[in-house]
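Per-entry structural report
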Amino acid sequence: LAAFLLYMLYLMSPVAAVFQALSTMRQGLGALRRISEVLDLPGEPGPEPERRPARPAHDVPVLEFQDVRFRYEPGRPVLRGVSFTVPRRGHVALIGSSGAGKSTVFALAERFYDPDAGRVLFEGRDIRTLGPAEHRARIGLVEQHAPVLYGTLRENLLYAAPCADPAELDRVVGLAQLSDVVARSPYGLDTPAGEHGMALSGGERQRVALARSLLTHPSLLLLDEPTAHLDALNEAALRRSIRRITHECALLVIAHRYSTIRAADLVVVLDGGRVVATGTHDELLRTSEHYRFLARAQGTGDVLSG
Ligand code: ATP
């Protein structure tokens, strides 16, 4: 009987290996699909395309919300007249407690939805007049839990811009503060990442996504800063890359950390779908009770909102 059982196990091991491989492939494909959705969403809502505009003047903001009102469901307004501006190469931090509407602002900036009233302007033009694919090609989105694909680090980066040359790759690796990660990897950029590849921390995964986004030369980067704890090295790396990115493009960050908020040129405080205060961190500490409340609510902790 023992011999028979051993024989059965022997027969089943390749089958188990095949199932394991299929499961790995399915996870890889899931991540791939997710990235495809972000990079190449279908044309909803209805486009009113025009020719690609000439380069906008320097004083035209990259993004402007003008009295934007929006609800997902009738009778439940989510944005109730939101106005703010992200200047060219500006760094704006968006903060507010959970449910304040921060992610909804990102969704409207990407034109996943159209406002019920008011306007969203991108480089001076109502985004309803831009084709969605063209518009999204000029916006980089880096989510909190950025997917890393099955494949090497290089493949993960080139997914967004397959024709990027090695100098371009070096540039974005430097900008995203990944040089140390590449240096400590056994095969450099050709080291397998993703599942069963090299272990990347949450902060490193997000910086891989950041580098991938930067390869497409966006005019505006939307970054959802992790709420989860980042160790000191990862936090410093994120801070350095944010500082350098603003030389390349404008940055709108859903920010949770004092360090990120303090570094911003402008902080926009959302509460219940309204902008309740704007200013620098120091100005807001002086002028905004709500800002002080958010800061106090987190005690001495680093995270200002959640
Ligand atoms: P958090 O910090 O928790 O992510 P947030 O400030 O990003 O919150 P949003 O995610 O923009 O807030 O949500 C604002 C409001 O809109 C919430 O009341 C939320 O329940 C609601 N909401 C968000 N997405 C949808 C959706 N797809 N359908 C219906 N309601 C939604």
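Refer to the structure printed above.
Calculation rules
Residues numbered from 1 in each chain as written. Predicted model: local features only at pLDDT ≥ 70, side-chain atom pairs only at ≥ 80, totals over all residues. Buried ≥ 20, exposed ≤ 12 C-beta atoms within 10 Å, placed from the backbone. Helix = DSSP H or I, 4+ residues; strand = E, 2+ residues; numbered from the N terminus. Arc of directions from axis to C-beta. Contact = placed C-beta atoms within 7 Å. Pairing = 2+ DSSP bridges. Axes fitted to C-alpha atoms, helices over the stretch in contact; angles between N-to-C directions. Near = placed C-beta within 6 Å. Nonpolar A, V, L, I, M, F, W, Y, C, P; charged D, E, K, R; others polar.

**Looking at helix 5 (residues 166–175)**
One turn of an α-helix holds 3.6 residues; hence residues three or four places apart share an orientation. All of the buried residues along helix 5 are Val-172, Val-173 and Leu-175. Projected down its long axis, helix 5 shows its buried positions confined to an angular sector of 165 degrees, all on one face. The outward face of helix 5, more than 90 degrees from its buried face, is lined by the exposed residues Pro-166 and Ala-167. Looking at the buried positions of helix 5, the neighbouring elements they touch are helix 4 (153–158), helix 6 (179–184), helix 7 (202–214) and helix 8 (232–245).

**A short note on unusual backbone geometry**
Phi is positive for Arg-89, which is not a glycine, with a value near 60 degrees. Here Arg-89 is to be found in the loop between strand 2 (76–86) and strand 3 (91–95).

**So, the sheet that holds strand 9 (residues 220–224)**
The strand order across the open sheet built from six strands is 6-9-10-3-11-12, with neighbouring strands paired in mixed fashion. Only two strands of the sheet have a single neighbouring strand rather than two, namely strand 6 (139–142) and strand 12 (274–279). The sheet shows a mean angle of 20 degrees between the axes of neighbouring strands, direction not considered. In this sheet, strand 12 lies alongside strand 11 (residues 266–271) in antiparallel orientation, the contact comprising five bridges. Each bridged residue has a counterpart across the sheet, and for Val-268 the counterpart in strand 12 is Thr-278. Most of the contacts of helix 7 go to strand 6, to which it runs at about 170 degrees, and overall it touches strand 6 and strand 9.

**Details of the sheet that holds strand 4 (residues 117–122)**
The four strands lie next to each other as 2-1-4-5, forming an open sheet whose pairing is antiparallel. The open sheet terminates on both sides in strands that have one partner only, identified here as strand 2 and strand 5 (125–126). Across the face of the sheet, helix 2 (residues 102–109) comes into contact with strand 1 (63–73), strand 2 and strand 4 while running at roughly 110 degrees to strand 1.

**Describing the pairing of strand 10 (residues 250–254)**
When you tally the buried positions in strand 10, you get five out of five residues, the bulk of the element. In terms of strand pairing, strand 9 meets strand 10 through five bridges, oriented parallel. If you follow Asp-224 over to strand 10, its bridge partner there is Ile-254.

**A closer look at the site of the ligand**
By nearness alone, twelve residues border the ligand, and Tyr-72, Ser-98, Lys-102, Ser-103 and Thr-104 come closest of all. Where the shell around the ligand is concerned, the elements lending two or more residues are strand 1 and helix 2. With three residues, the top contributor of residues to the shell around the ligand is helix 2. Class assignment for the residues of the shell around the ligand results in three nonpolar, seven polar and two charged.

**Looking at helix 2**
For helix 2, the set of buried residues is Lys-102, Thr-104, Val-105, Leu-108 and Ala-109. Taken down its axis, helix 2 places every buried residue within 160 degrees of arc, on the same side. One or two residues past the end of helix 2 sits Arg-111, with phi positive at roughly 60 degrees.

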